[in-house]
Amino acid sequence: MSDKATELHRQEPNVSNNEWKIRTENNNVNFFKKEVEEEWQSPWYFIQGADPQYGLIERYINKNPIPNWDKEIELTEKVVEKINSLNPKPRFFVICGDLCDAVPTENPDLYKAQEATFKRIFSKIDPSIPVLVTCGNHDVGDQPLPEGLEIYKASWGDDYYSFWCGGVLFLTINSQYLADSKYVGEFASKHEEWLYEQLKLAKSKSGSRVVLLQHIPWFLKSTDEEVEKSYFTLSKEVQRAMLDKLVDAGVEKAFCGHYHRNAGGTYKTMEVVVSSAIGGQLGPDKSGIRVVKVYKDKIEHEYYPIDDIPSSVKL
């Protein structure tokens, strides 16, 4: 571990994986009871965030070669404070990828220091609010390796999983398999098999409502975007292979991150919602989170800069 990374890591109290790690088993979240949550009961909401990405601001935006994530610490501590003050409490809080900036297989020492910061801060979320995460490209690399996926799962839990909450089936996918599976073909095949099985089950249940949670967006505004392959979206080839299957299975929304700006659009009956980062911004938006309200016949959402997050949510 580099001297600077060692210093930063020593500043963090140890929060063990078992204390923090999301509770998944066999690609299911085990704190929501399926038999209770399959049916919609009353309006409710959850919080979606993306890209806290400890270390990005100094490394990429400020071009500072010395590791530092003081700004991300300030931003995420404010997010935790704001979420804990919400009334009523959200059913859950999901962070859609890029939890840290360092890639564990490329810079493991720096990654461990950033991971320790993430777990220290987000372990302060009110225990009545489950914290979920999705896998981003910085969490396993732009071209994932088997060892990177194993590090991720040891730290955070399953890298893809499903759960029912308030009458909605949530599918939390690992978009890195769709972006580049060159070195993890077997892992990607299992992910694809699982996803198709989940979509099949959803389609077989009359009136199923399905929401995707993922890191890389399907597209930024529409499928008419001219670029065949973009760093910030899944490729046209993947779109052509998957989007109709998602719509056919009843997917209403896909909540994403990765772009560090707000964006989004629709494909047929499915809306792609791209939320800007909790951490560093690459556009005009401010660091923030999205409040997602779930009603019997619709899902509404609004992005709030951190300082504008309301203290109460009207349903």
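Because the structure is predicted, anything quoted here is derived from the model rather than measured.

Visitor: For this particular structure, what's the right way to read the pattern of salt bridges?
Guide: Tallying each qualifying case throughout the model produces 16 salt bridges. As a salt-bridge pair, Arg209 and Glu252 come within 2.8 Å of each other at their nearest N and O atoms. Of the two residues, Arg209 sits in the loop between α10 (185–204) and β8 (210–213) while Glu252 sits in strand β9 (residues 251–256), which places them 43 residues apart along the sequence. Residues Lys268 and Asp244 are paired through a salt bridge, measuring 2.8 Å at the closest nitrogen-oxygen approach. Separated by 24 residues along the polypeptide, Lys268 in the loop between β10 (263–267) and β11 (270–274) and Asp244 in helix α11 (residues 236–248) bring together distant segments of the chain.

Visitor: Quick question: what am I supposed to make of the side chain of Asp101 here?
Guide: Position of Asp101 among the secondary structure elements: in the loop between β4 (93–96) and α6 (108–122). Look at Asp101 and you get buried, because its relative accessible area is 5%. Among the polar contacts listed, one links the side chain of Asp101 to the side chain of Arg59, at a separation of 2.5 Å.

Visitor: Can you help me understand the environment of Thr266 in this one?
Guide: By the element assignment, Thr266 lies in strand β10. In the structure, Thr266 is positioned 47 residues away from Phe219 in sequence and 9.1 Å away in space, judged by C-alpha atoms.

Visitor: Quick question: what am I supposed to make of the environment of Phe219 here?
Guide: You can see Phe219 is positioned in the loop between β8 and α11. The exposure class of Phe219 is buried, given its relative accessible area of 0%. When the C-alpha atoms of Phe219 and Asn30 are compared, they prove to be 31 Å apart, with 189 residues separating the residues in sequence. With sequence-adjacent residues up to four places away left out, Phe219 is seen in contact with Glu225, Thr233, Gln239, Leu243, Gly265, Thr266, Tyr267, Val272 and Val274.

Visitor: In this structure, what is going on with the nonpolar core? I would like to understand it.
Guide: In globular proteins that are soluble, nonpolar side chains generally tend to be buried together. Judged by nonpolar contacts, the single largest core of 72 residues is most densely connected at Phe93, Trp218 and Leu246. No other element matches α6, which puts 6 residues into this core. Counting 22 residues, the second largest nonpolar core, distinct from the first, contains Val94, Leu132, Phe163 and Cys165.

The rules behind the values
Residues numbered from 1 in each chain as written. Predicted model: local features only at pLDDT ≥ 70, side-chain atom pairs only at ≥ 80, totals over all residues. Heavy atoms only, no water. Salt bridge = Lys/Arg side-chain N within 4 Å of Asp/Glu carboxyl O. Helix = DSSP H or I, 4+ residues; strand = E, 2+ residues; numbered from the N terminus. Buried < 20%, exposed > 50% of the residue type's maximum accessible area, 1.4 Å probe, protein only. Polar contact = N/O pair within 3.5 Å; in protein donor to acceptor, adjacent residues only side chain to side chain. Contact = heavy atoms within 4.5 Å. Core = buried A, V, L, I, M, F, W, Y, C linked by side-chain atoms within 4.5 Å.

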